[in-house]
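Residue-level structural notes
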Amino acid sequence: MRESTKMLLHYVTALIIIVTGLIHLLANNDPNVGKLISSNTYLYLGNMAIFLAALLYHAFNGIRVILIELVPDKCWTKLIGWAILLIGVVTYIVGFQVLLMALGLI
Amino acid sequence: MESSSVMESSMDLWKPVGTVKIRVYKYNPRKDFAPGWKEYEIEVSRGTTILDALLRIKEETDPSLAFRYSCGQALCGSCAMMVNGRQMLICRTRVLEVAKGGKIELRPLDNFPIIRDLACDFKSFFDKHRAVKPWIIRKDVEELENPTGDYKQTIEEYARYYQFTDCLKCGACYSACPTVATDHEYLGPQALSQAYRYIVDTRDDGLEERIAVVDSDHGCWRCHFATSCSDVCPKYVDPAQGIQLLKKLILRSKLGFKPHKPAEVLPSKIGEVKRG
Amino acid sequence: MSEELEYYAQNRRGVSGWFKVRGYVIERKLYALHRITGILIVLFILPHFYSTGWHPGLWWDALLGVIVTFHVANGLRLTLLELFGIGIGRPLLVKKPFQRPVSIEGKQRYLLAISIIIFIVLAIIWSYYAILVKPLMGG
């Protein structure tokens, strides 16, 4: 994957985070709009699934960029990339499970 | 012609107006264990540049002081260094312009290996410049070898890259960049803006060759728009603008938009010159 | 080559170079803050995930709000500049003496002002919810 693809996704996920994150914040903090959002459980689950994916991609790509700038050597760059991907996937699985538990679906 | 008392003579620029303390970074990696500082006191006038002051110090006080200079008129880019924590060309910076409380601190450029005192090693900097292939690349090799004419270019096409041609390769932008501080593989603002200068030049046809270099782990995407490069550039090249435009160009090329068609040849007498 | 040179001869600023902001334009300071807020957000997110929605209360929540809204507002500015080139200006054909760079002191400054306003507005809204609304809702 070229660096431009990864960074384009970084920007796209940033925009997705703003939209889905706003819905998440309103659901948890606003008494009126919050009830409206939380009542559609499956829609909210869908929103949170997308939010979680976008947030994890954006955050871990940011960490990858910072680590690559700190340790620029080629072999470390590859290792960091794959390690971050692995941690990201595991965190998503764990996070999705926590989400299902929090919404009372499992 | 009598001179009015109100009108200053241009020679007033060179009348001594006071003394300034210049604190210089002294380090010889071959001999010294750690860097040190040495302070010199020098009499200056309004017109004295930091280069004038250093040359006088070298002549009169300390001949061992090492620093680079050449043209003395902001054309060659040899004399860039840190003056009070900011990258500048010392040949065109007046001492009194930057002296804070009558003191100046001189250091070699940040993030460049030091050869001695204020002189830095530019090998890695030039290698990165070479890596982006800073020359016109064309597919019509026959035309390059045996030219039949000039390449056609309008003034609007020229305006798209002229700003970046003023680069002196002084190293100030590369030194000011925060990414360069940790990432020694990062190409740097100078190389990236020169990559943009050549890609966008309508005479050039080398987008594919250069994209592999600039669209890499340590290419233009490691720029985070800190803008210090454009802030310190002595020739107003604005490398930050070049890099952001390069990013936009790379994304457009992913969608299939090429920056331009390679310029066509205008036949001229150049092809008729016969070399003996 | 850098491995053969000693620490002082390499003359690399290292991580302190990211935060060397004195003497440069404001955009350099915003870059350093964007990096710091990004790292702080990641540090908040990890306990937020792993212990089912742990959230700080009151003033700490407001501080989190300031951090997040700054990162969002500055991020929007950077996205517009880097992806779309809005505000980055055109290369000049004629340079005046002591020309300031167009990409910094041209239209980009309007974008900067707008993003600061967005940041302040969002931070106030978040702090309002954190300090006034949330305690009434039951924490």
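We now turn to the structure provided with this report. Because the structure is a prediction, the values reported are computed rather than measured.

On a plain count of helices and strands, chain A comes out with 4 helices and 0 strands. Moving toward the C terminus, one meets the helices and strands of chain A in the order α-α-α-α. For 106 residues, the compact-globule estimate of 2.2 N^0.38 gives 13 Å, and the C-alpha radius of gyration of chain A, at 16 Å, exceeds that figure by more than 25%. Considered along the principal axes of its C-alpha atoms, chain A spans approximately 50 × 25 × 20 Å. When the 106 residues of chain A are sorted by exposure, 43% land in the buried category. When contacts within chain A are restricted to residue pairs at least 6 apart in sequence, those whose partners lie at least 24 apart make up 69%. Total accessible area computed for chain A in this model is approximately 5800 Å², and 77% of it derives from carbon and sulfur atoms. When the 6 basic and 4 acidic side-chain charges of chain A are each reduced to a single mean position, those positions are 9 Å apart.

Moving on to the pattern of salt bridges. A side chain of one charge can pair with a side chain of the opposite charge when the charged atoms of the two come close. Residues and elements named next belong to chain B. In total, this model carries 28 salt bridges over all chains according to the counting rule given. In this structure, lysine 15 engages aspartate 12 in a salt bridge whose closest nitrogen and oxygen atoms are separated by 3.1 Å. The exposure class of aspartate 12 is partly exposed, given its relative accessible area of 21%. Note that aspartate 62 is salt-bridged to lysine 38, the shortest N-O span being 3.6 Å.

The partner chain A presents 16 residues to the 16 residues of chain B that form the contact. Here chain B meets chain A over a buried area of about 1400 Å², counting both sides, of which 55% is carbon and sulfur. Of all residues in chain B, the largest losses of buried area upon contact with chain A belong to Trp221, Arg222 and Lys254 of chain B, amounting jointly to 35% of the total for that side. Across the chain B-chain A interface, the total number found is 2 salt bridges. Note that glutamate 3 of chain A is salt-bridged to arginine 222 of chain B, the shortest N-O span being 2.8 Å. Counting the contacts that link chain B with chain A gives 9 residue pairs in polar contact (both at pLDDT 80 or more). Broken down by secondary-structure element, the contributors of at least two residues to the side of chain B that touches chain A are helix H8 (178–182) and helix H12 (239–254) of chain B. In terms of residue count, H12 of chain B provides more of the side of chain B that touches chain A than any other element does, 3 residues in total. Residues belonging to the side of chain B that touches chain A are distributed by class as follows: 4 nonpolar, 6 polar and 6 charged.

Attention now moves to the packing of aromatic side chains. Residues and elements named next belong to chain B. Scanning all chains against the criterion turns up 19 aromatic pairs over all chains. Between the aromatic rings of phenylalanine 122 and phenylalanine 125, the centroid separation amounts to 5.4 Å while the plane-to-plane angle is 80°, which identifies the pairing as edge-to-face. Across the pair, exposure class does not vary: phenylalanine 122 and phenylalanine 125 are buried alike. Considering the side-chain rings of phenylalanine 125 and tyrosine 174, the 5.4 Å spacing of their centres and the 75° angle between planes classify their relative orientation as edge-to-face. Separated by 49 residues along the polypeptide, phenylalanine 125 in helix H3 (residues 123–131) and tyrosine 174 in helix H7 (residues 172–176) bring together distant segments of the chain. Neither phenylalanine 125 nor tyrosine 174 differs from the other in exposure class; each is buried.

Residue and element names in this part refer to chain B. A rise of 1.5 Å per residue sets the reference length of H12, with its 16 residues, at 22 Å; its end C-alpha atoms lie 23 Å apart and thus fit the reference within 8%. Taken across its 16 residues, H12 has 13 buried, putting it largely inside the fold. Taken from the residues just after H12, glycine 256 is the one with a positive phi, measuring 100°.

On to the layout of surface pockets, then. Over the atoms, a rolled probe matching the size of one water molecule traces out where space is still vacant. All names here are of chain A. In this structure, the second largest pocket encloses a volume near 1200 Å³. Broken down by element, the lining of the second largest pocket gets its largest block of residues, 10 residues, from helix H4 (residues 74–102). Class assignment of the residues belonging to the lining of the second largest pocket gives a composition of 20 nonpolar, 11 polar and 12 charged.

Turning our attention to the sheet that holds strand E1 (residues 16–26) of chain B. Residues and elements named next belong to chain B. Read across the sheet, 5 strands follow the order E2-E1-E5-E3-E4 without closing on themselves; strand pairing throughout is mixed. For this open sheet the edge positions go to strand E2 (36–45) and strand E4 (86–89), each flanked by a neighbour on one side alone. When the angles between neighbouring strand axes are averaged without regard to direction, this sheet yields 35°. Where strand E3 (residues 80–83) lies against strand E5 (residues 103–107), 2 bridges are found, and the strand directions are antiparallel. Residue pairing in the sheet places methionine 82 in a bridge with arginine 107 of E5. Here helix H1 (residues 50–60) sits on the sheet and contacts E1, E2, E3 and E5; the angle it forms with E2, its principal contact strand, is near 110°.

Criteria and cut-off values
What you see as residue numbers is a count from 1 along each chain, following the sequence as written. Labels are handed out in written order, letters beginning with A for the chains and numbers beginning with 1 for the ligands. For a predicted model such as this one, the threshold for reporting local features is a pLDDT of at least 70, and the threshold for listing and counting side-chain atom pairs is 80 or more; totals across whole chains, interfaces and linings nevertheless cover every residue. Computation of side-chain values: all heavy atoms of the structure, hydrogens and water removed. Counting from the N terminus, the helices are the DSSP runs of H or I reaching at least four residues and the strands are the DSSP runs of E reaching at least two. Radius of gyration: C-alpha atoms only; globule rule: 2.2 Å multiplied by the number of residues to the exponent 0.38. For the exposure calls, accessible area comes from a 1.4 Å probe over protein chains only, and a residue counts as buried if that area is under 20% of its type's maximum, exposed if over 50%, partly exposed in between. Here a residue-residue contact requires only that any non-hydrogen atoms of the pair lie within 4.5 Å. Residue burial considers only the protein chains on display, and all accessible areas are found by Shrake-Rupley using a 1.4 Å probe. A positive count includes Lys and Arg, and a negative count includes Asp and Glu. His and the chain ends are not counted in either. One atom stands in for each charge, and that atom is NZ of Lys, CZ of Arg, CG of Asp or CD of Glu. By convention in these notes, a salt bridge is any Lys or Arg side-chain nitrogen within 4 Å of a carboxyl oxygen on Asp or Glu. Note on terms: buried area is the combined drop in 1.4 Å-probe accessible area of two parts once they are placed together, counting the loss on both. Whenever a nitrogen or oxygen atom comes within 3.5 Å of another N or O atom, the pair is scored as a polar contact, on the condition that within protein one atom can donate a hydrogen and the other can accept it, and that pairs from neighbouring residues in sequence are kept only if both atoms are in side chains. Charged means Asp, Glu, Lys or Arg here, nonpolar means Ala, Val, Leu, Ile, Met, Phe, Trp, Tyr, Cys or Pro, and polar covers whatever is left, Gly included. Here is the rule: rings of Phe, Tyr and Trp (six-membered ring for Trp) pair when centre to centre is within 6.5 Å. Planes less than 30 degrees apart are stacked, more than 60 are edge-to-face, and the remainder are tilted. Any helix carries an expected span of 1.5 Å times its number of residues minus one. Lining residues are defined by having an atom within 4 Å of a point belonging to a cavity or pocket. Those points lie on a 1 Å grid over the protein atoms alone, cavities being sets where a 1.4 Å probe fits but cannot get out and pockets being open sets with protein on both sides within 12 Å along at least five of seven lines. Grid points are joined across faces, edges and corners, and a volume is the space filled by probe spheres set on the points. Pairing between strands is defined by DSSP: at least two bridges between them are needed. Note on method: axes are straight lines fitted to C-alpha atoms, helices fitted across the in-contact stretch only, with angles between N-to-C directions ranging 0 to 180 degrees.

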